[in-house]
There are 2 protein chains.
Amino acid sequence: MSTTPKGEVKRAALVRATITLVNNSGFHAAPMARIAKLAGVSAGTIYRYFESKQDLINQVYLEVKSAFSVSAFRDYEETDSVEADFRKIWYNIADFKLREVEQALFLSQCDNTPMIDEASRQEGLRHLKPLLDLWERGQELGSIRPVSPYLLYAYTVYPVAFLLNMQERGYCELTPARVDAAYEMAWNSIKI
Amino acid sequence: MSTTPKGEVKRAALVRATITLVNNSGFHAAPMARIAKLAGVSAGTIYRYFESKQDLINQVYLEVKSAFSVSAFRDYEETDSVEADFRKIWYNIADFKLREVEQALFLSQCDNTPMIDEASRQEGLRHLKPLLDLWERGQELGSIRPVSPYLLYAYTVYPVAFLLNMQERGYCELTPARVDAAYEMAWNSIKI
DNA sequence: ACAAAATGAATGAACGTTCATTTTTTTATC
DNA sequence: GATAAAAAAATGAACGTTCATTCATTTTGT
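One pass over the full model with this rule turns up 14 salt bridges over all chains. Put simply, Asp111(A) and Lys65(A) hold a salt bridge, and the shortest N to O gap is 3.9 Å. Taken together, the positions of Asp111(A) in helix 6 (residues 101-111) and Lys65(A) in helix 4 (residues 53-72) put the pair 46 residues apart, joining distant regions of the chain. Overall, the relative accessible area of 8% leaves Lys65(A) in the buried class. Notably, a salt bridge pairs Asp85(B) with Arg137(B), separated by 2.6 Å at the nearest N-O pair.

Next comes the structure, spelled out in structure tokens:
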């Protein structure tokens with residue numbers, strides 16, 4: 001019945017366990033033995049699916065990044081309104097972060113540590129192409145600031161990661177009103 | 001001649017070494033022995049200045065956070081222009097991050113990992129009071145969006161940390177023009 | 001000569017990884 | 001189908017390494 005290949009069940013459990021443990025106490029406090037235990041497999045089994053701990057982390061990162069970008073561009077199709085297109089993608093991203101909190105927290109932790117291979121990071125970045133294309137189009141049409149995409153990212157996507165972290169620490173709940181305000185602020189910072 | 005008490009020299013060296021090592025490869029790859037070596041002292045000496053590794057990390061964090069806030073409010077005094085006041089603080093922050101790259105990178109790594117005690121984090125936050133006061137004043141005067149300070153922080157200060165990380169990875173140099181653009185984007189996102 | 005500071009080898013705990021063994025699944029044969 | 005042989009997957013104890021921390025000893029400063 002299920003479409004999940006047999007061997008993939010344990011692999012998926014390991015991925016989930018890694019995300020949970022790294023979120024709760026960081027990379028350095030997620031020993032292989034605990035990951036295995038949480039996933040319900042024995043320590044040695046990890047090495048049937050991953051070459052090493054580094055490989056495990058990299059693969060988890062890429063998998064989560066991929067899920068993120070799939071969500072970011074769900075139901076997205078270019079219209080002739082740059083702002084409408086941007087809004088669609090931005091809310092997709094916000095929805096992902098609010099729905100898949102664990103995955104989003106894991107990503108935000110990865111983005112600021114040297115624990116991810118540069119190669120994996122580069123690969124993760126390629127997924128954002130459609131957003132970069134949209135920004136370029138907006139810049140050609142004169143509706144988006146003519147600045148580096150890194151600046152655009154810093155003021156639209158990156159703040160959401162911060163807000164999610166604050167919510168998880170109990171400081172600032174991300175109510176729908178706050179999410180809407182965040183969108184307005186994002187758009188105001190990049191529009192011309 | 002120097003105002004530095006004798007014993008503080010090695011302590012300061014240890015703090016610097018910790019920052020450098022944690023920046024280069026993360027918390028988990030900064031063993032006490034290497035910190036000691038880089039600081040030019042022996043491993044045991046660390047424990048004359050710090051109770052444990054956790055204590056070392058916490059103290060370094062607080063010291064850097066303190067240096068950060070001192071810079072943030074250097075030469076700052078309230079005027080009757082909220083925007084001018086904000087601009088002053090924002091550029092102070094940007095200058096600190098550009099001048100004290102190592103310290104800024106260390107902070108951005110601390111802000112997204114669970115490696116800092118919640119207590120230390122709270123104490124680090126208190127330093128930002130003048131900025132929070134300014135925002136409150138701006139909100140009362142109707143020139144700053146009436147939203148949570150976490151939102152204001154997410155769209156003004158936090159993006160700079162991202163940009164610095166990108167610069168350090170060689171993706172996006174923070175030229176003066178880019179810094180000015182970043183300021184404009186920050187202000188546009190929070191002004192009414 | 002004394003006290004404070006610094007040393008670095010020693011210690012034990014914890015970690016990532018391996019591998020001889022056991023368990024489970026698949027394949028082959030009737 | 002049932003059964004046996006073969007292959008694959010899983011196990012967890014054991015290994016070697018690395019780490020934070022300690023402490024008997026030495027060095028430095030007064």
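From this point on, the discussion continues.
This part takes up the protein's contact with DNA strand C. Close contacts around DNA strand C come from 14 residues, with Met32(A), Tyr47(A), Lys53(A), Thr45(B) and Tyr49(B) the closest. By atom count, sugar and phosphate contribute 74% of the portion of DNA strand C lying within 4 Å of the protein. Between a phosphate oxygen of DNA strand C and a side-chain N or O atom of Lys10(B), the distance comes to 3.3 Å. Ser42(B) places a main-chain nitrogen or oxygen 2.8 Å from a phosphate oxygen of DNA strand C. In terms of residue class, the surface near DNA strand C is built from 5 nonpolar, 5 polar and 4 charged.

Moving on, we come to the protein's contact with DNA strand D. Taken together, the neighbourhood of DNA strand D is formed by 14 residues, with Thr45(A), Tyr49(A), Met32(B), Tyr47(B) and Lys53(B) sitting nearest. Among the atoms of DNA strand D lying within 4 Å of the protein, the sugar-phosphate backbone contributes 71%. Residue Lys53(B) places a side-chain N or O atom 2.4 Å away from a phosphate oxygen belonging to DNA strand D. Residue classes in the surface near DNA strand D are distributed as 6 nonpolar, 5 polar and 3 charged.

So, about the relation of the copies chain A and chain B. Think of it as a corkscrew move, a rotation about one axis and a shift along it, taking one chain copy to the other. You can overlay chain A on chain B at an RMSD of 0.1 Å; the transform is a turn of 180 degrees with a shift of 0.1 Å along its axis. Between the two chains, the operation in question is that of a two-fold axis. Interface overlap between copies: 100% of the residues of chain A at the interface are likewise at the interface in chain B, consistent with a symmetric, same-surface contact.

Let us look at the interface of chain A and chain B. Buried accessible area, meaning the area lost when the parts come together, often serves as the stated size of an interface. With 46 residues of chain A at the interface, the matching set in chain B holds 46 residues. Here chain A packs against chain B, burying approximately 3900 Å² in sum over the two surfaces, 67% of which is carbon and sulfur. Considering only the surface of chain A that becomes buried against chain B, Tyr150(A), Tyr155(A) and Met185(A) emerge as the three largest contributors, covering 20% of it. Taken together, the links from chain A to chain B amount to 0 salt bridges. In this assembly, chain A and chain B are joined by 8 residue pairs in polar contact (both at pLDDT 80 or more).

What follows covers helix 8 (residues 129-140) of chain B. Residues and elements named next belong to chain B. Its 12 residues give helix 8 an end-to-end C-alpha distance of 17 Å, which sits within 8% of 16 Å, the value for a rise of 1.5 Å per residue. Of the residues making up helix 8, those classed as buried are Leu131, Leu134, Trp135, Arg137 and Gly138. Down the axis of helix 8, the sector holding all buried residues measures 160 degrees, keeping them to one side. Close packing links the buried residues of helix 8 with helix 5 (82-99), helix 9 (149-156) and helix 11 (176-190). After helix 8 finishes, the residue Gly142 shows a positive phi value of roughly 80 degrees.

With 131 residues, the main nonpolar core has Trp90(A) and Trp90(B) as its most contacted residues. Each residue touching Trp90(A), except ones within four places of it in the same chain, is listed here: Thr156(A), Val160(A), Val179(A), Ala182(A), Tyr183(A), Ala186(A) and Tyr155(B).

With that settled, consider the packing of aromatic side chains. To describe a pair of aromatic rings, you give the distance between the ring centres and the angle between the ring planes. Under the defined criterion, the tally for this structure stands at 21 aromatic pairs over all chains. On the basis of an interplanar angle of 45 degrees and a centroid distance of 4.6 Å, the ring pair of Tyr158(A) and Phe162(B) is categorised as tilted. Of this pair, Tyr158(A) sits in helix 10 (residues 158-168) while Phe162(B) sits in helix 10 (residues 158-168), placing the two residues on different chains. We classify Phe162(B) as buried; its relative accessible area is 8%. Look at Phe73(B) and Tyr76(B): their rings are 6.2 Å apart centre to centre, the planes differ by 50 degrees, and that puts the pair in the tilted class. Taken as a pair, Phe73(B) and Tyr76(B) share a single burial class, namely buried. Site record: aromatic cluster; members linked through ring pairs are Tyr153(A), Tyr158(A), Phe162(A), Tyr153(B), Tyr158(B) and Phe162(B). Above the face of the Phe27(A) ring, Lys53(A) is positioned so that its terminal group lies 4.9 Å from the ring centre.

This part takes up the state of the cysteines. What the rule picks out here adds up to 0 disulfides over all chains. You can see Cys110(A) has no disulfide; the closest cysteine sulfur is in Cys110(B), sitting 17 Å from it.

Before going further, it helps to examine the packing of helix 9 (residues 149-156) of chain A against helix 10 of chain A. Two quantities define a packed helix pair, namely the angle between the helix axes and the distance between the axes. All names here are of chain A. Two elements in contact, helix 9 and helix 10, have axes separated by 3 Å at closest approach and are oriented at 30 degrees. With respect to helix 10, the element helix 9 is oriented roughly parallel. Contact residues: helix 9 offers Tyr153, Ala154, Tyr155 and Thr156, while helix 10 offers Tyr158, Pro159 and Val160. Residue composition of the contact of helix 9 with helix 10, by class: 6 nonpolar, 1 polar and no charged.

Turning our attention to helix 11 of chain B. An α-helix turns once per 3.6 residues; consequently, residues spaced three or four apart project the same way. The end-to-end C-alpha separation of helix 11 of chain B is 22 Å, in line with the 21 Å expected for 15 residues at 1.5 Å each. Listed in full, the buried residues belonging to helix 11 of chain B are Val179(B), Ala181(B), Ala182(B), Tyr183(B), Met185(B), Ala186(B), Trp187(B), Asn188(B), Ser189(B) and Ile190(B). In this structure, the buried side of helix 11 of chain B is in contact with helix 9 and helix 11 (176-190) of chain A together with helix 5, helix 8, helix 9 and helix 10 of chain B.

Conventions and cut-offs
- Residues numbered from 1 in each chain as written.
- Chains lettered and ligands numbered in written order.
- Predicted model: local features only at pLDDT ≥ 70, side-chain atom pairs only at ≥ 80, totals over all residues.
- Heavy atoms only, no water.
- Salt bridge = Lys/Arg side-chain N within 4 Å of Asp/Glu carboxyl O.
- Helix = DSSP H or I, 4+ residues; strand = E, 2+ residues; numbered from the N terminus.
- Buried < 20%, exposed > 50% of the residue type's maximum accessible area, 1.4 Å probe, protein only.
- Near = heavy atom within 4 Å.
- Polar contact = N/O pair within 3.5 Å; in protein donor to acceptor, adjacent residues only side chain to side chain.
- Nonpolar A, V, L, I, M, F, W, Y, C, P; charged D, E, K, R; others polar.
- Least-squares fit on C-alpha atoms with pLDDT ≥ 70 in both.
- Contact = heavy atoms within 4.5 Å.
- Buried area = accessible area lost by both parts, 1.4 Å probe.
- Expected span 1.5 Å × (residues − 1).
- Arc of directions from axis to C-beta.
- Core = buried A, V, L, I, M, F, W, Y, C linked by side-chain atoms within 4.5 Å.
- Phe/Tyr/Trp six-rings, centres within 6.5 Å; stacked < 30°, edge-to-face > 60°.
- Lys NZ or Arg CZ within 6 Å of the ring centre and 35° of its normal.
- Disulfide = S-S within 2.5 Å.
- Axes fitted to C-alpha atoms, helices over the stretch in contact; angles between N-to-C directions.
- Parallel < 35°, antiparallel > 145°, perpendicular 65-115°, else oblique.

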